[in-house]
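Examining the three-dimensional arrangement
As a plain string of letters, each chain reads:
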Amino acid sequence: MLKGMRRLISKVHKAKHEEQHEGQHYSLPLQDMKTIFPHGLPPRFVMQMKTFNEACLMVRKPALELLHHLKNTNFDHPAVRYVLYGEKGTGKTLSLCHIIHFCAKQDWLILHIPDGHLWVKNCQDLLQSTYNKQRFDQPLEASVWLKNFKTANERFLSQIKIQEKYVWNKRESVEKGSLLGEVVEQGITRVRNATDAVGIVLKELKRQSSLGIFRLLVAVDGVNALWGRTTLKREDKSPIAPEELALIYNLRKMVKNDWHGGAIVLTLSQTGSLFKPRRACLPQELLGKEGFDALDPFIPILVSNYNPKEFESCIQYYLENSWLQHEKAHTEEGKKELLFLSNANPGQLERLCAYL
Amino acid sequence: MAAPVMKTVRGWSDLALGVRSAVLRLPGLSQVRWSRYSPEYRDPQIDKEYYRKPLAEQTEEQKFELELRKTQLIKAAPATKTGSVFEDPLISKFTNMMMKGGNKVLARSLMTKEAWGVLVHWIPWQTLEAVKRKQFEKYHAASPEERAAIERNPYTIFHQALKNCEPVIGLVPILKGGHFYQVPVPLSDRRRRFMAMKWMITECREKKPRRMLMPEKLSQELLEAFHNQGPVIRRKHDMHKMAEANRALAHYRWW
């Protein structure tokens, strides 16, 4: 029913989202948002959270489909890859955040890379990697990511033990059987070794997720950055390929489906991408041949614009929060105009309603 | 030789309609500063409701108007006047005054509509959005009694702020006996609105801190003017005081 669309407030049981809840909003507790999402939420959504003092997500079909698949995963089979793709502003990142919240509530370990494109451009300090002379280290990005990873997965860091000895340099090393938290601390404090710390974390998590102690969710936003081109250059101005960056190299190994005990959810994004045309949104166009072959086989999930029910629900949500202050916005004329101007695109609608 | 060509074209349209132009057009003289349309062109009617009224509800005059419009020449509507329900003529005028070098896209994105490809997303790029978010913050921080008094509609705040900034009386330099005297003079509505908007824009442009963006500064000034405080209101009061001080010179006005 389009007229009487109400918001469904379900704070606890995300698992109970069924098809009949499609189009309705549910609110997430703000405390959870701070722990689970230290990074990774779209910036305009963060602004909206701050203004409304609440975080509300709409339950939509792509997310429901993914949740259904995740609930029925067989953890003995290799990890399945799901790729969310669609036009700009349709809600791929927020769908990913929905999935992450669900998995966090189910006590999975979340490995969330907020934006792959941040690792392949605008890097101020590139160091030659100590581990492998051919590759490059990115200390800043790695340490920032480790900090956020620590906030999101506090309790796992004190449970997981590493199964190999790693030597940082002549004086420091980390023994077999010590906690993962120590590796993360080392990465945060010694920024030079941050990239290697990230590599160790990824390797250990991949190895141990198959043992069944925990379930691993690898969530990467902007995964097409891993197989594109970078804008980074060496000192002699020759371009660097993505595989020469240690972070990207390790992440590619993570996204391969040779481990079991979890799932891999990926999002394509044209917005931050390098050297890709603006209209490109399909997996073949954004990933390129190399990326597509590396990710093949995967389950593609299209995220599209709002259907009429969801559009109406979104407008009702804004009206309930008194976000739409213009007197004409309540009328049928106003709603028709909003539909026309935004073409039911969630991102455009949000920007339109911001100044009305 | 554009001017004589224009004149002859107009002369032809004059003759075709048989309507004499109200303004005296002397031969050999072409008017450059006024509109390129000759006087018989009517302004376009943008309002959709005007055309949707059923025939039964219209008075004799309106029916006559409608019939007359079918035969008259009508000017082309400017691109900025849309039939949109959300359009506000005051906001359009203010955006035009803020515009520099014909860059309407930039002026509009600073005032109302955000550009889609903006790189920095976590600060509001438009004045109206910034005003709205500040008021929402205040609303959530206030107690339930105070909440009713907080206005959150950016359009009412904008209109009220500019109305508060309008001066009641203005000063005009009049030459008498070799000296210019500042004489207090009543202002028309149009002039008052213009002065309010001009003061607001100059204030924001000149007294802005270096790294602050225009929307943020404008939203600050608008909110202060809404509460009858701030530099623009002070400038209005200064103008009033000067007019009061020069009261004796009011006789110098001859209109």
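Cut-off values and rules
Residues numbered from 1 in each chain as written. Chains lettered and ligands numbered in written order. Predicted model: local features only at pLDDT ≥ 70, side-chain atom pairs only at ≥ 80, totals over all residues. Heavy atoms only, no water. UniProt positions renumbered as here; feature names shortened; annotations may be inferred. Contact = heavy atoms within 4.5 Å. Salt bridge = Lys/Arg side-chain N within 4 Å of Asp/Glu carboxyl O. Polar contact = N/O pair within 3.5 Å; in protein donor to acceptor, adjacent residues only side chain to side chain. Helix = DSSP H or I, 4+ residues; strand = E, 2+ residues; numbered from the N terminus. Nonpolar A, V, L, I, M, F, W, Y, C, P; charged D, E, K, R; others polar. Pairing = 2+ DSSP bridges. Axes fitted to C-alpha atoms, helices over the stretch in contact; angles between N-to-C directions. Parallel < 35°, antiparallel > 145°, perpendicular 65-115°, else oblique. Left-handed = near helix turned anticlockwise from the far one by under 90°. Buried < 20%, exposed > 50% of the residue type's maximum accessible area, 1.4 Å probe, protein only.

Naming follows an unreviewed UniProt entry, where chain B appears as Small ribosomal subunit protein uS7m of Phyllostomus discolor. According to the UniProt record, the Subcellular location (unreviewed entry) comment for chain B is "Mitochondrion". UniProt's Sequence similarities (unreviewed entry) comment on chain B is quoted here verbatim: "Belongs to the universal ribosomal protein uS7 family."

Going by an unreviewed UniProt entry, chain A carries the name Small ribosomal subunit protein mS29 and comes from Phyllostomus discolor. The UniProt entry for chain A carries the following comment under Subcellular location (unreviewed entry): "Mitochondrion".

This part takes up the interface of chain B and chain A. The interface is formed by 27 residues belonging to chain B together with 33 residues belonging to chain A. Put simply, chain B and chain A have three salt bridges between them. Here B:Glu137 ties to A:Lys50 by a salt bridge, and the two come within 3.8 Å at their closest N and O atoms. For the pair chain B and chain A, the interface holds 15 residue pairs in polar contact (both at pLDDT 80 or more). Counting residues per element, the side of chain B that touches chain A draws most heavily on helix H6 (residues 127-141) of chain B, which supplies seven residues. Tallied by class, the residues present in the side of chain B that touches chain A amount to 11 nonpolar, seven polar and nine charged.

All names here are of chain A. In space, the five strands of this open sheet follow the order S4-S9-S10-S3-S11, with parallel pairing throughout. The sheet is open, and its two edges are formed by strand S4 (109-113) and strand S11 (299-302), each paired on a single side. Each strand of the sheet is rotated relative to its neighbour by a mean of 15°, with strand direction disregarded. Of the strand pairs in this sheet, S4 and strand S9 (residues 216-221) are connected by five bridges, and their pairing is parallel. When the sheet's bridge partners are listed, His 112 is paired in S9 with Ala 219. Together, strand S3 (80-85), strand S10 (262-267) and S11 form the strand contacts of helix H3 (residues 61-71), whose direction differs from that of S3 by roughly 175°.

A few words on the packing of helix H11 (residues 308-320) of chain A against helix H13 (residues 346-354) of chain A. All names here are of chain A. Packing of H11 against H13 brings their axes to within 12 Å, and their N-to-C directions diverge by 30°. Taken together, H11 and H13 sit at an angle that is classed as roughly parallel. Crossing geometry of H11 relative to H13 is assigned as right-handed. Packed against H11, whose contacting residues are Phe 311, Cys 314, Ile 315 and Tyr 318, the element H13 presents Leu 349, Glu 350 and Cys 353 at the interface. For the contact of H11 with H13, the residue count by class is six nonpolar, no polar and one charged.

Residue and element names in this part refer to chain B. Mapped onto the elements of the fold, Val 172 is located in strand S1 (residues 169-176). Relative accessible area serves as the criterion here: at 23%, Val 172 is assigned to the partly exposed category. C-alpha separation for the pair Val 172 and Phe 94, spaced 78 residues apart in sequence, amounts to 24 Å.

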